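# Architecture and fold: a report
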Amino acid sequence: YNGSSQATTYNFAVDGYHFVTVAQVGASGSVVRVFVDGLVVLTTTAAADRTTNQIIIGGDGNLGIGAMPGYVDDIRFTKGVCRYTGTFTPPTAAFPNQ
């Protein structure tokens, strides 16, 4: 966001399905959390306006870390609602078309 990045190390099990979520949390949306399979793996403060920045999924976006060696399916963006704020149980079925 705003020309910067945040990183964390997470060792994904090979050949498995993982539920990854990024959420802006709080009244001002200044806290950003990354979840993997329902567990918080990164929490950071983001004071910058993220409404005009590009979103990169599965690529490095010139960050020099290389592309993700896997597949992405069922991407969901929700504006105005924070679906996850803390540890949760990931869904076991596809999201309904809404």
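These figures come from a predicted structure and were not determined experimentally. Once a new chain begins, its residue numbering starts again from 1 and follows that chain's sequence as written. In keeping with the predicted nature of the model, local features appear solely for residues at pLDDT of at least 70, side-chain atom pairs appear and are counted solely at 80 or more, and the whole-chain, interface and lining totals rest on all residues. In computing side-chain values, all of the structure's heavy atoms are included and hydrogens and water are not.

### Concerning the overall build of the protein
Working definition: helices are DSSP H or I runs of at least four residues, strands are E runs of at least two. Numbering for both runs from the N terminus. Helix and strand content of the protein: zero helices and three strands. Overall, the protein shows an N-to-C arrangement of helices and strands of β-β-β. Note on exposure labels: buried denotes an accessible area under 20% of the residue type's maximum, exposed denotes more than 50%, and partly exposed covers the range between, all computed with a 1.4 Å probe on protein chains only. Scored against the burial criterion, the 98 residues of the protein give a buried share of 15%. Whether two residues touch is decided by their heavy atoms; if any such pair falls within 4.5 Å, the residues are in contact. Put simply, 44% of the contacts in the protein that link residues at least 6 apart link residues at least 24 apart.

### Looking at the packing of aromatic side chains
Working definition: rings of Phe, Tyr and Trp (its six-membered ring) pair if their centres are within 6.5 Å, and the pair is stacked with planes under 30 degrees apart, edge-to-face with planes over 60 apart, and tilted otherwise. For the structure shown, the criterion picks out four aromatic pairs. Judged by centre distance (6.1 Å) and plane angle (90 degrees), the ring pair of Phe-19 and Tyr-84 falls under edge-to-face. One end of the pair, Phe-19, is in the segment before strand 1 (20–25); the other, Tyr-84, is in the segment after strand 3 (39–45), and 65 residues separate them in sequence. We classify Phe-19 as buried; its relative accessible area is 8%. With a relative accessible area of 17%, Tyr-84 lands in the buried category. With 5.9 Å between their ring centres and 75 degrees between their planes, Phe-19 and Phe-88 make a pair best called edge-to-face. Placement of Phe-19 in the segment before strand 1 and of Phe-88 in the segment after strand 3 is noted, with a sequence separation of 69 residues between them.

### Brief notes about unusual backbone geometry
Phi at Asp-37 takes a positive value of approximately 55 degrees, unusual for a residue other than glycine. Relative to the helices and strands, Asp-37 is located in the loop between strand 2 (31–36) and strand 3.

### Some details on the environment of Phe-95
With respect to the helices and strands, Phe-95 occurs in the segment after strand 3. As a C-alpha pair, Phe-95 and Ile-75 span 20 residues in sequence and 9.8 Å in three-dimensional space.

### Thoughts on the sheet that holds strand 3
The three strands are arranged 1-2-3 in an open sheet whose pairing can be described as antiparallel. Bordering the open sheet on either side are strand 1 and strand 3, each of which pairs with just one other strand. Each strand of the sheet is rotated relative to its neighbour by a mean of 20 degrees, with strand direction disregarded. Criterion used throughout: strands pair if DSSP finds at least two bridges between them. Here strand 1 pairs with strand 2 via six bridges, running antiparallel. The partner of Ala-23 across the bridge, within strand 2, is Arg-33. Comment: axis = line fitted to C-alpha atoms, over the contacting stretch for helices; angle = value between 0 and 180 degrees taken between N-to-C directions.

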